[in-house]
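Listed below, chain by chain, are the residues.
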Amino acid sequence: MSEVLQAIAKRSSTRGYTQEKLTKEELNILIQAGLQAPTAANRQEIHITVVEGDNPILAELEADKNQGRGLADLPHNFYYEAPVVLFLSGDASFYWSKLDAGIAAENIALAAEGLGLGSLIIGCVKDALYGEKKDYYAKALKFPEGYEYEIAVALGRKAVTKEPHDYSAEKNVTYL
Ligand SMILES: Cc1cc2nc3c(=O)[nH]c(=O)nc-3n(C[C@H](O)[C@H](O)[C@H](O)COP(=O)(O)O)c2cc1C
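Each value, and the rule that gives it
- Within each chain, residue numbers correspond to sequence positions counted from 1 in written order.
- Only residues with pLDDT of at least 70 are given local features in this predicted model, and only at 80 or more are side-chain atom pairs given and counted; all residues enter the totals for whole chains, interfaces and linings.
- By convention here, the C-beta atom is placed from the backbone, and a residue is near a molecule or strand when that atom is within 6 Å of it.
- Following the grouping adopted for this structure description, the nonpolar residues are Ala, Val, Leu, Ile, Met, Phe, Trp, Tyr, Cys and Pro, the charged ones are Asp, Glu, Lys and Arg, and the polar ones are all others, Gly among them.
- Between the N-to-C directions of two axes lies an angle of 0 to 180 degrees, each axis being a line fitted to C-alpha atoms and, for a helix, fitted only over the stretch in contact.
- The helix and strand labels rest on DSSP assignments: H or I over at least four residues marks a helix, E over at least two residues marks a strand, and numbering proceeds from the N terminus.
- Each helix crossing is assigned a hand: it is left-handed if the near helix lies turned anticlockwise from the far helix by less than a right angle, otherwise right-handed if that turn is clockwise.
- Each residue is represented by a C-beta atom placed from its backbone, and any two residues with such atoms within 7 Å are regarded as in contact.
- In this description, strands pair whenever DSSP reports at least two bridges between them.

Neighbouring the ligand are S12, S13, R15, L120, I121, I122, G123, C124, I151, K162, P164 and H165. The class makeup of the residues in the shell around the ligand is 6 nonpolar, 4 polar and 2 charged.

Printed below as a string of C-alpha cells:
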C-alpha cells in the first residue's frame, strides 16, 4: 500500500499527548501540508495561527467553551494537552473558506500520521470563538483582517492510541 493510503487508513483522532514538543522541522512539515492543500480558485486564503499548548489563550478558550455549554471543568481540555494547536482561519467573505479549511485540516492530520504523530481536528470551540468575544479572539489569535475561525488541529506525540473508525460503504455509497 502506498504511504498516502497507509496514512489515510491508519489515522484516527488522538485524545492524549505526551508533553514533548514537536521539532521545528516537524512543525514546518505540518504547516506546509496545510498550505499545500487545494483551495477554491487557488485562492490560498487559509491562515494558520500556531499556538503552543501552554499559551493562556487556550485556557481562556476552554473556560469560555465550558461556560457557554453550562459545563463544569472537564477532566481534559479541548486539545487534550497537545503541545501545539493550529487555528485555521479563513476569509469570512469567501464562499469556500470553510471547505478549504477542512481540506487543509485533513492534509495536516494525514501529514501528522505520516510523521508518526497524533492529531485531533477540533470544532467544539466554535461557539466560544463566534460568541460575544469573537473580535477579541480574532485579535488575540492574530487572524488577518476580515478572517474568522474555521477549524483547529491539535498535534503532538500520541500518549494514547485508538483504532481507526469503522464505516459502512453499504450505507454511505450509492452507485448509479
Ligand atoms: C469538523 C470536525 C470537528 C471535530 N471536532 C472535534 C472536537 O471538538 N473534539 C473532539 O474530540 N473531536 C472532534 N472531531 C473528531 C471526530 O470526533 C472524529 O474524527 C470522529 O469521531 C471519527 O473518529 P476518528 O477521527 O478517530 O476516525 C472533529 C472532527 C471533525 C471532522
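A separate point is the packing of helix 2 (residues 24-35) against helix 4 (residues 97-114). Where helix 2 contacts helix 4, the axes come no closer than 7 Å and their chain directions differ by 145°. Crossing hand, helix 2 versus helix 4: right-handed. Residue-level inspection shows I29, L30, A33 and G34 of helix 2 in contact with helix 4, the latter providing A104, N107, I108, A111 and A112. Of the residues that constitute the contact of helix 2 with helix 4, the class distribution is 7 nonpolar, 2 polar and no charged.

Let us now look at the sheet that holds strand 2 (residues 84-91). Read from one edge to the other, the open sheet built from 4 strands follows the order 1-2-4-3, with strand pairing classed as antiparallel. This sheet does not close on itself; its edge strands, each paired only once, are strand 1 (47-52) and strand 3 (118-122). Geometrically, the sheet is characterised by an average inter-axis angle of 25° between neighbouring strands, direction not taken into account. When strand 1 meets strand 2, the two strands line up antiparallel, connected through 6 bridges.

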